[in-house]
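Geometric and topological summary
Below, each chain spelled out in residue letters.
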Amino acid sequence: MSQPLRGVIVGTGSYAPAKVLSNADLMKLVDTSDEWIVQRTGVRERRMVGEGETPSTMGIAAAKNALENAGMTADQIDLIICGTISPDMIFPATACLIQHGLGLSEIPAFDISAACSGFIYALTVADGMIASGRYRNVLVVASDALTRFTDYSDRGSCILFGDGAGAVVLQPTDDPQRGLKYSHIGARGSGWDFIHVPAGGSRIVASAQTVAAKQHYIQMRGREVYKFAVQQMVDLMAEGMAQCGLKVEDIDLVVPHQVNQRIIESATSKLEFPLEKVFVNIDRYGNTSGASIPLALDQAHRAGRTPPGATLLLVAFGAGLTWGASVLKM
Ligand code: UT7
């Protein structure tokens, strides 16, 4: 009997805007210091979309990069899924704009709104679509421009966020040694107000008043998210490894959501992961929400840290509240 199909990553890509927002730049906007930001978050600088740059334009660039890495052309793609919470517009889906930007038409394209867990949600759905046998070459993109929703007078949140995009091309394999071995996604809607943007949707429609009250910006209960994140990250990684019968020494690289360096270090050290097995780029990009894992994954891939046969553990959590973890073999 043939093995069930599952998705394997055959190409990765990413894009980060050229414009850099450093801690020194933030010190001109709010009462903060480079020392405080580095100590509490690990972020030294982040990227920021410039004129004309949006999640769709960043997503298109990342997708082209992933297609090139896979040695494929856009017309081979038969499904596009985009994780974003900062879409170009409330509708249509950013995935449709990416489809158009890649010169494609007719193939299905839709967004997933799962915040920082968006890439793992999208990867999990893509893997299911591949397992169904209905799609063969799936483009999974995650792209966010949270600086567009950041209040640069709120020192508790503006230090964290940056913009960027990442993408992978997923193809079917029936080789039991390769591909996505495990994926778990979850949500707890009762925590919806931990991180949210109150206005601009249909509950509180955008108006001069909502703008004056800064309700179009991210509102975040940082401390509570922090506590939730550390425990959740430990539990997600431990459960993923247990379900796959893997130990720390079997994992070649952890690619965590670049949420906050302290959260990453605290969670990975609890499981006794050595630092060199954890990919971190938060110092240069900040927290790019859904884009953070595929952006990091692409950099790890191009740096030769994900060779064929490598076992990777991806882990994320974010607004929703949502979370997800995947174990995959390259
Ligand atoms: O992807 C999910 C998105 N959300 C997150 O990742 C949020 C997760 N949470 C965090 O990363 C951290 O909670 C923060 C980095 C946001 C904040 O760090 P913290 O260690 O939790 O600080 P805190 O909020 O407990 O504040 C401690 C102190 C406060 O002063 P007092 O009340 O003790 O006098 C804050 O007012 O630090 C102060 N503070 C700052 N000081 C200098 C808060 N922000 C800053 C700042 N610069 N930027």
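See the structure shown above.
The structure reproduced in this document is the subject of the present report. (Residues numbered from 1 in each chain as written. Predicted model: local features only at pLDDT ≥ 70, side-chain atom pairs only at ≥ 80, totals over all residues. Heavy atoms only, no water.)

Here we take up the sheet that holds strand β13 (residues 322–329). One open sheet holds the four strands; their spatial order is β8-β13-β12-β11, and the pairing between them is mixed. Edge strands, defined here as strands with exactly one partner in the open sheet, are β8 (179–187) and β11 (253–256). Sheet twist, expressed as the average angle between the axes of neighbouring strands with direction ignored, equals 10°. The sheet contact formed by strand β12 (residues 311–318) and β13 spans eight bridges and is antiparallel. Among the inter-strand pairings, L314 is bridged to a residue of β13, identified as S326. Across the face of the sheet, helix α10 (residues 292–302) comes into contact with β11 and β12 while running at roughly 145° to β11. (Pairing = 2+ DSSP bridges. Helix = DSSP H or I, 4+ residues; strand = E, 2+ residues; numbered from the N terminus. Axes fitted to C-alpha atoms, helices over the stretch in contact; angles between N-to-C directions. Contact = heavy atoms within 4.5 Å.)

By the bridge criterion, four bridges tie strand β4 (residues 79–83) to strand β5 (residues 109–112) in an arrangement that is parallel. Across the sheet, I80 pairs through a bridge with A109, a residue of β5. Between the parallel pair β4 and β5, the chain is carried across by helix α4 (residues 94–101), and the sense of this crossover is right-handed. (Right-handed = clockwise from strand over helix to strand, strands pointing away.)

What follows is about the site of the ligand. Not every one of the 21 residues close to the ligand is listed here, only the nearest: T32, R40, R223, N260 and N287. Contacts to the ligand include W36, whose side-chain N or O atom sits 3.4 Å from a nitrogen atom. At 3.2 Å from an oxygen atom of the ligand is found a side-chain nitrogen or oxygen belonging to R262. Contact with the protein chains hides 74% of the accessible area of the ligand, taken as 950 Å² for the molecule alone. Looking at the shell around the ligand, the elements that each hand over two or more residues are α2 (34–41) and α7 (222–244). With four residues, the single largest contributor to the shell around the ligand is α7. (Near = heavy atom within 4 Å. Polar contact = N/O pair within 3.5 Å; in protein donor to acceptor, adjacent residues only side chain to side chain. Areas by Shrake-Rupley, 256 points an atom, 1.4 Å probe, with all protein chains shown as cover.)

This part covers the pairing of β13. Burial runs high along β13: eight of the eight residues are buried. In β13, alternate side chains face the same way, and those of T322, G324, S326 and L328 on one face and W323, A325, V327 and K329 on the other are all buried. Bridge analysis of β8 against β13 gives eight bridges, and the strand direction is antiparallel. Within β13, the position partnered with G186 by the bridge is W323. Between β12 and β13, which pair antiparallel one after the other, the connecting turn spans three residues, and G320 there sits at a positive phi close to 145°. (Buried < 20%, exposed > 50% of the residue type's maximum accessible area, 1.4 Å probe, protein only.)

Our focus in this paragraph is the nonpolar core. By size, the foremost hydrophobic cluster in this structure holds 36 residues, and its most contacted members are M233, M237, I263, F273, L313 and F317. When contributions to this core are tallied by element, the ones reaching two or more residues are α7, α8 (261–270), β12 and β13. Take this core: its biggest share by element is ten residues, from α7. Judged by nonpolar contacts, the second largest core, of 32 residues, contains A114, A126, V138 and L297. (Core = buried A, V, L, I, M, F, W, Y, C linked by side-chain atoms within 4.5 Å.)

With respect to the helices, strands and loops of the structure, Y217 is situated in the loop between α6 (208–212) and β10 (219–220). In the structure, Y217 is positioned 18 residues away from A199 in sequence and 8.0 Å away in space, judged by C-alpha atoms. Residues within four places of Y217 in sequence aside, it is in contact with F149, T150, D151, H196, V197 and P198.

In short, shape yes, function no, at least from these values alone.
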